[in-house]
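Here is what each chain is made of, one letter per residue.
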Amino acid sequence: WGKKSIRILQNDGPKTLAKRMRNKFRDIGSYQRWIKKNEKDMLITEQMTYQPLISVVVPVYNVQRKFLEECIASVRSQTYSNWELLLIDDCSTMPEVKKVLSQYENMARIQIIYREENGHISRCTNTGMERAKGEYIGLLDCDDVLAVNALYEVVRMLNEDASYDYIYSDEDHISENGRRRYLPFFKPDWSPDTMMSLMYTCHFSVYRSDVLKKLGGCRTGYEGAQDYDLVLRLMEQTSRIGHVSRVLYHWRDRKGLITRDFNEKIYKVDAVKRAKQDALVRRGQRGHVEWVKEAEQFRIVYDADGTDKASIVIPSKDNYEVLKKCIDSICDVTDYPNYDITVVDNGSKGEEKNKIERFLSDRHVAYIYEPQEFNFSRMCNIGAAHTDGDYILFLNDDIEIRGGEWLERLLGHCRLPHVGAVGCKLYYPGMKEIQHIGIVNYPFGPAHPFCENEDKGSVLYFGRNFLDYNYCAVTGACMMIERSKFDEAGRFDESLAVTYNDVELCFRLVEMGCYNVVRNDVALVHHESLSRGSDEDGEKRKRQIREMKHLYELHPQWKGRDPFYNYNLSQTRGNFTLNI
């Protein structure tokens with residue numbers, strides 16, 4: 001596997017996570033078919049009005065001749081011509097490095113810079129940034145390779161919108177001999193909570209020069225996570241961030257370096273931890289980082305303010321035993337004290353209603369009884385109107401709580417200004433199979449990815465079952481929203497009585513500029529469909545189709561589109577395999 005495959009997630013990141021994924025996502029044959037289908041047009045270019053100079057900065061240190069030569073050749077062969085290449089030698093001790101660099105000293109558009117002392121990756125990169133003349137700066141490691149159309153695709157995006165301050169692309173790995181490509185990482189569009197989970201943008205990254213100068217370039221003392229720290233600081237200065245959904249960068253896998261990487265891992269992991277802690281301090285956010293062993297990443301846990309009240313709204317009808325289990329689990333398990341519960345009953349009858357009333361009275365739970373045809377949206381809106389919490393948690397009556405910190409972790413994240421709806425991981429009974437870790441808006445409609453996948457420590461696509469990820473929507477079975485944003489969005493649309501009401505609300509939150517997020521550290525049990533049965537019978541299926549049609553009538557721009565799911569991944573299956 002070597003150095004670069006270990007680096008895939010954490011900007012010199014975890015070996016274990018890449019190892020656990022490799023058998024599933026290193027299917028070279030499938031990826032070769034994808035390449036043949038999707039990269040036929042790499043050499044095709046069109047005349048562009050805006051052609052900025054891009055400076056490609058390459059820190060160089062003790063790299064083998066063939067790797068360095070291939071790296072340089074990948075820049076010289078770009079289909080976009082307005083570039084300069086800066087090669088900064090950080091006092092390499094291998095004689096062959098200077099021999100290679102000397103061959104390019106008098107070539108047009110290439111600057112060779114020899115540092116007088118070894119400064120490590122941050123100082124070396126900054127030396128190149130300081131000498132760069134381009135309006136934009138792209139970063140390239142000295143043993144990696146750019147796709148031939150890398151700069152062209154970046155500039156093409158700038159011609160669509162010249163206001164971007166930062167553009168990143170998809171990436172993959174290339175074998176040591178350069179003959180095989182594998183482990184593609186097809187990324188979402190800009191996702192700030194995903195970025196706080198892991199350095200997912202990584203390469204190929206191109207920055208506006210003025211923004212880099214304002215940031216002061218890479219910070220020393222964060223070597224191993226210098227790119228991550230740079231983007232964490234950049235996202236505090238700009239939201240003008242673009243994503244090219246093409247593989248423009250190839251990480252070089254090199255054999256024989258695993259031991260060295262293992263020894264270096266301690267300081268790299270510490271650099272990532274400090275970069276995240278620094279980001280919390282700069283942003284004035286209270287919280288802490290905790291190690292996620294399975295993903296070998298640090299999760300951010302945002303502190304809840306004890307003065308913030310959470311109102312839990314639970315729609316229910318004729319479901320005493322299930323409702324009792326739900327509320328008992330909330331009252332018996334929850335650590336966060338500042339919450340209340342309101343049950344909205346749309347028509348329980350007879351002894352069932354009497355049992356519910358007595359039980360809720362004993363538990364000091366508010367009870368709203370309004371007999372009516374089932375309409376989840378209306379019941380949630382009624383419940384919200386009868387509560388006064390700063391934050392509202394909509395919860396199905398067939399949810400069972402696990403873990404005392406569940407509410408405060410949802411609330412802490414929901415307090416962030418950019419966040420819309422916050423969801424969680426839901427398991428089917430048995431706590432093995434996943435029911436929900438977010439919603440993807442596929443061409444065939446909104447659906448739950450990885451549904452029914454077992455979750456026994458295996459890492460699903462780049463940590464999506466362990467880390468916090470932004471999604472277009474989260475399920476209304478457990479959804480927390482700040483009341484002011486809920487009101488601004490217009491509350492649940494009551495024309496969607498049963499399905500897609502949660503998705504529709506989440507779409508509106510995204511359109512408001514918010515980001516919806518799933519916290520995988522909040523893991524609850526969902527006794528799916530105990531409340532209203534399956535959607536598979538004829539009439540319910542017809543209703544589901546009608547409501548999906550109405551969803552896209554309300555939001556035509558979302559049909560077949562999901563900015564948080566890469567279209568290079570399967571459009572027909574919910575397992576993040578390749579779209580071939």
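Presented here is an overview of the structure given in this document. As the structure is a prediction and not an experimental result, all values here were calculated from the model. (Residues numbered from 1 in each chain as written. Predicted model: local features only at pLDDT ≥ 70, side-chain atom pairs only at ≥ 80, totals over all residues. Heavy atoms only, no water.)

Looking now at the overall build of the chain. Within the chain, the secondary structure is distributed over 18 helices and 23 strands. Taking 25 Å as the expected radius of gyration for a compact globule of 580 residues, we find that the chain reaches 26 Å, a close match to that expectation. In terms of principal-axis extent, the alpha carbons of the chain reach across some 90 × 45 × 40 Å. Every one of the 580 residues in the chain was classed for burial, and the buried ones make up 62%. A separation of at least 24 residues holds for 79% of the contacts in the chain among residues at least 6 apart in sequence. In the form shown here, the chain has an accessible surface area of approximately 22,400 Å², with 47% of it arising from carbon and sulfur atoms. Computed over 81 positive and 87 negative side-chain charges, the separation of the two mean positions in the chain equals 6 Å. (Helix = DSSP H or I, 4+ residues; strand = E, 2+ residues; numbered from the N terminus. Rg over C-alpha atoms; globule rule 2.2 N^0.38 Å. Buried < 20%, exposed > 50% of the residue type's maximum accessible area, 1.4 Å probe, protein only. Contact = heavy atoms within 4.5 Å. Areas by Shrake-Rupley, 256 points an atom, 1.4 Å probe, with all protein chains shown as cover. Lys, Arg positive; Asp, Glu negative; His and termini not counted. Charge placed at Lys NZ, Arg CZ, Asp CG, Glu CD.)

Turning our attention to the pattern of salt bridges. Enumeration according to the criterion identifies 43 salt bridges in this entry. A salt bridge links Arg181 to Asp172; the shortest N-O distance between them is 2.7 Å. The exposure class of Asp172 is buried, given its relative accessible area of 0%. Here Lys309 makes a salt bridge to Asp388, at a shortest N to O gap of 2.8 Å. Here Lys309 is found in the loop between β11 (297-302) and β12 (310-316), whereas its partner Asp388 is found in the loop between α14 (376-385) and β15 (391-395), with 79 residues between them in sequence. Owing to a relative accessible area of 22%, Lys309 belongs among the partly exposed residues under this scheme. (Salt bridge = Lys/Arg side-chain N within 4 Å of Asp/Glu carboxyl O.)

Side chains of nonpolar character tend, in soluble globular proteins, to be buried together. Residues Ile314, Ile330 and Trp406 are the most contacted members of the largest nonpolar core, which totals 180 residues. Sorting elements by how many residues they give to this core places helix α7 (residues 150-160) first, with seven residues. In contact with Ile314, other than residues within four places in its own chain, are Leu323, Cys326, Ile327, Ile330, Ile341, Thr342, Val343, Val344, Leu395, Asn396 and Asp397. (Core = buried A, V, L, I, M, F, W, Y, C linked by side-chain atoms within 4.5 Å.)

Here His203 and Phe204 are connected by a cis peptide whose omega angle stands at 0°. Tracing the backbone shows Phe204 in the loop between α8 (192-197) and β8 (205-208). Positive phi values are uncommon outside glycine, yet Cys202 reaches one of about 45°. Assignment of secondary structure puts Cys202 in the loop between α8 and β8. A relative accessible area of 2% places Cys202 in the buried class. With a phi close to 50°, Glu296 is a non-glycine residue in the positive phi region. Structurally, Glu296 is set in the loop between β10 (287-292) and β11.

What follows deals with the pairing of strand β14 (residues 366-369). In the case of a regular strand, side chains alternate between the two sheet surfaces. Relative to β14, strand β13 (residues 339-345) is paired through four bridges, and the arrangement is parallel. When the bridges of β14 are listed, Thr342 appears paired with Ala366. What joins β13 to β14 is helix α13 (residues 350-362), and the crossover it makes is right-handed. (Pairing = 2+ DSSP bridges. Right-handed = clockwise from strand over helix to strand, strands pointing away.)

Compared with an ideal rise of 1.5 Å per residue, which puts 13 residues at 18 Å, α13 spans 19 Å between its outermost C-alpha atoms and is within 8% of the ideal. What α13 keeps buried is the set Lys353, Ile356, Phe359 and Leu360. Viewed along the axis of α13, the buried residues span an arc of 135°, placing them on a single side of the element. The exposed residues of α13 that point more than 90 degrees off its buried face are Ser361 and Asp362. The elements touched by buried residues of α13 are α12 (320-333), β13 and β14. Residue His364 follows α13 closely and has a positive phi angle near 55°. (Expected span 1.5 Å × (residues − 1). Arc of directions from axis to C-beta.)

This part covers α14. Across the 10 residues that make up α14, a large majority, eight, are buried. Among all positions in α14, only Phe376, Ser377, Met379, Cys380, Asn381, Ile382, Gly383 and Ala384 are buried. Contacts from the buried residues of α14 go to β12, β13, β14, β15, α16 (483-489) and α17 (501-511). Its side-chain oxygen placed 3.1 Å from the backbone nitrogen of Ser377, Asn375 serves as the N-cap of α14. (Polar contact = N/O pair within 3.5 Å; in protein donor to acceptor, adjacent residues only side chain to side chain.)

With that settled, the discussion passes to the packing of α17 against helix α18 (residues 538-554). Two elements in contact, α17 and α18, have axes whose closest approach is 10 Å; the angle formed by their N-to-C orientations is 10°. As summarised for this structure, α17 and α18 are arranged roughly parallel, according to the angle between their axes. Contacts between α17 and α18 pair Val503, Glu504 and Phe507 from the former with Leu551, Tyr552 and Leu554 from the latter. Taken together, the residues of the contact of α17 with α18 sort by class into five nonpolar, no polar and one charged. (Axes fitted to C-alpha atoms, helices over the stretch in contact; angles between N-to-C directions. Parallel < 35°, antiparallel > 145°, perpendicular 65-115°, else oblique. Nonpolar A, V, L, I, M, F, W, Y, C, P; charged D, E, K, R; others polar.)

Let's shift gears to the pairing of β11. Within β11, six of the six residues are buried, leaving the element largely enclosed by the surrounding structure. Both faces of β11 are covered, namely the face carrying Gln297, Arg299 and Val301 and the face carrying Phe298, Ile300 and Tyr302. Sheet analysis places β10 next to β11, joined by six bridges and oriented antiparallel. Across the sheet, Val292 pairs through a bridge with Gln297, a residue of β11. Connecting β10 to the next strand, β11, in antiparallel fashion are four residues, including Glu296 with a positive phi near 50°.

When two helices pack together, their arrangement is given by the angle between the helix axes and by the axis-to-axis distance. Put simply, α12 and α13 touch, their axes get as near as 10 Å, and they point 10° apart. By the angle between their directions, the pair α12 and α13 is classed as roughly parallel. The element α12 and its partner α13 pack so that their crossing is right-handed. Contact residues: Tyr320, Leu323, Lys324, Ile327 and Asp328 in α12; Glu352, Lys355, Ile356, Phe359 and Leu360 in α13. (Left-handed = near helix turned anticlockwise from the far one by under 90°.)

On to the packing of aromatic side chains. Applying the stated criterion to the full structure yields 25 aromatic pairs. Summarising the aromatic geometry, the rings of Tyr515 and Phe564 are spaced 6.1 Å apart at their centres and angled 80° between planes, so their arrangement reads as edge-to-face. With Tyr515 in strand β23 (residues 515-526) and Phe564 in the segment after α18, the pair connects residues that are 49 residues apart, well separated along the chain. An aromatic cluster of three or more residues is present, and its members are Phe185, Tyr442, Phe444, Phe450, Tyr461, Phe462, Tyr565 and Phe576. Over the ring of Tyr369 we find Lys353; its NZ or CZ atom is 4.5 Å from the centre of that ring. Lying across the ring of Trp558, Arg561 places its NZ or CZ 5.6 Å from the centre. (Phe/Tyr/Trp six-rings, centres within 6.5 Å; stacked < 30°, edge-to-face > 60°. Lys NZ or Arg CZ within 6 Å of the ring centre and 35° of its normal.)

The next subject is the side chain of Asp165. By the secondary structure assignment, Asp165 is in the loop between α7 and β6 (166-174). Judged by its relative accessible area of 12%, Asp165 falls in the buried class. Among the polar contacts listed, one links the side chain of Asp165 to the side chain of Thr238, at a separation of 2.6 Å. Dropping the residues within four chain positions of it, Asp165 is found in contact with Val206, Tyr207, Arg208, Val211, Thr238 and Arg240.

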